[in-house]
Amino acid sequence: MTYLGTQAEDLSSPPLPYSKICVVGAGSWGTALASVARRAGRQTAIWGRDASVVEAINTRNENPKYLPGIPLPEGIEATTDLAEALDGAEAVLLVTPSRTLREICRQMRPHLGAGVPIALCAKGIEAGTGYLLSEVAAEILPGHQIGALSGPTFATETALGHLTAATIAFQFSYADRLDAASSPAARLALSLGSDFFRPYISDDLVGVEVSGAVKNVIAIACGMMTGAGYAENTRAALIVRGMDEMKTLADVFGGRRETVTGLAGAGDLTLTCSSQTSRNMSLGVQLGKGIPRALCFDGKPVVVEGEVNSVSVMDLARRMNIRMPICESVFRILHQGAEVRQTFAELWSRPIEGERRGLTISIDHPSAIQEGAVM
């Protein structure tokens with residue numbers, strides 16, 4: 001066995017998995033991750049608000065509300081008591097919506113063991129502050145290393161045990177770089193890895209987080225165009241140019257462009273933009289068909305992260321003076337009442353540009369010239 005490090009001979013001992021993992025959040029993705037941890041041989045606790053869900057996990061090894069009909073591995077310990085769930089936990093997977101993260105962190109704070117690492121498994125940017133979710137968690141939970149788990153991972157497929165890969169990212173300290181196998185990212189990867197779940201390790205937390213936030217907005221764009229009757233050419237263009245917008249924002253925050261081409265970026269973007277299993281794409285499809293927002297999802301109050309993220313992403317883009325035309329188009333449709341086909345016609349008729357960054361060129365698009373208006 002080879003251990004990750006700057007040099008293998010520098011490592012005096014093999015990395016150790018965390019013995020107990022606590023999953024905070026018993027929705028579909030939280031339950032799927034609890035299944036991952038348990039199948040990897042970890043003692044696994046999961047906290048949820050819904051007492052009926054908790055009881056079903058404990059007595060029937062099933063989450064009938066969020067993953068109906070999918071058998072869960074035996075031994076997952078579910079509870080509505082956050083202190084009980086966190087008791088003895090050596091690592092935490094925090095799987096609650098981005099809008100509730102700050103409050104959940106406050107509730108967790110008195111019950112966390114010293115130095116317990118926390119991996120954020122939701123994606124987004126905090127509305128109002130523009131903080132990355134890791135910045136929110138670090139503010140509320142000083143003394144705990146904050147990371148993220150992200151990738152092309154539909155909850156149902158993960159819970160069923162289909163082959164799945166994901167990225168686990170933490171910022172690396174100097175000590176982590178000397179002995180990377182003992183870093184939280186590596187230990188958590190070792191703790192979750194199994195014959196069906198393959199983690200990869202990253203030290204680019206910013207790149208992973210930005211990718212996760214922006215890809216949800218791009219997925220809504222792909223859904224809108226699918227619902228409006230556009231075809232595969234259009235979606236492929238949106239995916240690739242959307243990835244460029246992800247790279248642009250990651251650059252500004254100090255993330256690496258190559259991270260955006262990895263599992264947490266290109267991988268997750270491709271998956272989310274290719275299936276209505278994604279709530280983001282599903283919302284876009286419904287809006288593209290002309291269904292009013294209040295009637296989407298049969299009128300149920302479904303949380304769609306990309307809808308919230310579109311506001312935060314555009315706030316950041318404007319503050320940083322960067323152009324993200326696809327995200328801006330989604331924002332205009334979702335929050336300013338713009339019409340789908342007209343908005344995307346304007347997107348397609350923007351001035352023609354060089355695809356490579358170093359190629360500085362801008363030519364009026366023929367359709368915009370014919371209409372007498374340059375977008």
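Before reading on, note that the structure itself is shown above.
Residues numbered from 1 in each chain as written. Predicted model: local features only at pLDDT ≥ 70, side-chain atom pairs only at ≥ 80, totals over all residues. Heavy atoms only, no water.

(A) Spotlight on the layout of surface pockets. Taken as a whole, the largest pocket encloses approximately 1500 Å³ of empty space. Surrounding the largest pocket, 43 residues form its lining, Gly27, Ser28, Trp29, Tyr66 and Arg279 being those nearest its centre. Looking at the lining of the largest pocket, the elements with two or more residues in it are helix H1 (28-39), helix H2 (51-60), helix H6 (155-160), helix H9 (205-227), helix H12 (263-272) and helix H13 (279-288). Within the lining of the largest pocket, the residues separate by chemical class into 18 nonpolar, 15 polar and ten charged. (1 Å grid on protein atoms, 1.4 Å probe; cavity = no way out; pocket = protein on both sides within 12 Å on 5 of 7 lines; lining within 4 Å. Points joined across faces, edges and corners; volume = space filled by probe spheres on them. Helix = DSSP H or I, 4+ residues; strand = E, 2+ residues; numbered from the N terminus. Nonpolar A, V, L, I, M, F, W, Y, C, P; charged D, E, K, R; others polar.)

(B) The sheet that holds strand E2 (residues 43-47), seen in detail. Here we have eight strands laid out as an open sheet, ordered E3-E2-E1-E4-E5-E6-E7-E8, and mixed in their pairing. On the outer flanks of this sheet lie strand E3 (77-79) and strand E8 (197-202), each paired with one strand and no other. The sheet shows a mean angle of 25° between the axes of neighbouring strands, taken without regard to direction. Taken strand by strand, helix H4 (residues 101-108) contacts strand E1 (20-24), E2, strand E4 (91-94) and strand E5 (118-120), and its axis lies near 155° from that of E4. (Pairing = 2+ DSSP bridges. Axes fitted to C-alpha atoms, helices over the stretch in contact; angles between N-to-C directions. Contact = heavy atoms within 4.5 Å.)

(C) Inspection of the side chain of threonine 167 at higher detail. Tracing the backbone shows threonine 167 in strand E7 (residues 164-170). Threonine 167 sits in the buried class, given a relative accessible area of 8%. With residues near it in sequence (within four places) discarded, threonine 167 still touches Ala148, Leu149, Ser150, Tyr200, Ser202, Val208, Leu263 and Ala264. (Buried < 20%, exposed > 50% of the residue type's maximum accessible area, 1.4 Å probe, protein only.)

(D) Here's a closer look at helix H5 (residues 133-140). Of the positions making up H5, those classed as buried are Leu133, Ser134, Val136, Ala137 and Ile140. Along the long axis of H5, the arc covered by the buried residues comes to 160°, so they all point the same way. Packed against the buried residues of H5 are H4, E5, strand E6 (146-150) and H9. (Arc of directions from axis to C-beta.)

(E) Spatial organisation of the environment of cysteine 22. Structurally, cysteine 22 can be placed in strand E1. Between the C-alpha atoms of cysteine 22 and cysteine 327, which are 305 residues apart in sequence, the distance is 35 Å. With residues near it in sequence (within four places) discarded, cysteine 22 still touches Ala45, Ala85, Leu86, Ala89, Ala91, Val92 and Leu93.

(F) Broad picture of the environment of glutamate 209. Looking at the element boundaries, glutamate 209 is found in helix H9. For glutamate 209, a relative accessible area of 7% corresponds to the buried category. Taking the C-alpha atoms as reference points, glutamate 209 and glycine 223, separated by 14 residues in sequence, lie 22 Å from one another. Apart from residues no more than four positions distant in its own chain, glutamate 209 is found in contact with Leu120, Leu132, Leu133, Ser134 and Ala148.

(G) Examining the packing of helix H10 (residues 232-253) against H12 more closely. Remark: H10 packs on H12, axes separated minimally by 11 Å, with the N-to-C direction vectors making an angle of 140°. Crossing of H10 against H12: the hand is right-handed. Every residue of H12 that contacts H10 at Ile239, Met243 and Met246 is listed here: Gly265, Ala266, Leu269 and Thr270. Taken together, the residues of the contact of H10 with H12 break down into five nonpolar, two polar and no charged. (Left-handed = near helix turned anticlockwise from the far one by under 90°.)

(H) Examining H9 more closely. Between its first and last C-alpha, H9 extends 34 Å over 23 residues, near the 33 Å set by a 1.5 Å rise per residue. Counted residue by residue, H9 has 22 buried out of 23 residues, so it is predominantly covered. (Expected span 1.5 Å × (residues − 1).)

(I) Just empty space enclosed by the protein, in detail. Tallied over the entire structure, the rule returns two cavities of 30 Å³ or more. Estimated volume of the largest cavity: approximately 80 Å³. Lining the largest cavity we find Leu120, Ala122, Lys123, Gly124, Leu133, Ala148, Leu149, Ser150, Val208, Glu209 and Gly212. Of all elements in the fold, only E6 and H9 reach the threshold of two or more residues within the lining of the largest cavity. Here the residues of the lining of the largest cavity sort into six nonpolar, three polar and two charged. Roughly 30 Å³ of volume is contained in the second largest cavity. Looking at the second largest cavity, the residues that line it are Leu94, Thr96, Leu101, Leu120, Cys121, Ala122 and Leu133.

(J) Region of the structure containing the nonpolar core. Membership of the largest hydrophobic core comes to 46 residues, with the highest contact counts inside it found for Val214 and Met224. Those elements that provide at least two residues to this core are H9, H10, H12, H13, helix H14 (305-319), helix H15 (325-335) and helix H16 (340-348). Looking at this core element by element, the count peaks at twelve residues for H9. Excluding residues that lie within four positions of it along the chain, methionine 224 makes contacts with Gly284, Val285, Leu287, Gly288, Val330, Ile333, Leu334, Val340 and Phe344. Listed in part, the 38 residues of the second largest apolar core include Val53, Ile57, Ile70 and Ile76. (Core = buried A, V, L, I, M, F, W, Y, C linked by side-chain atoms within 4.5 Å.)

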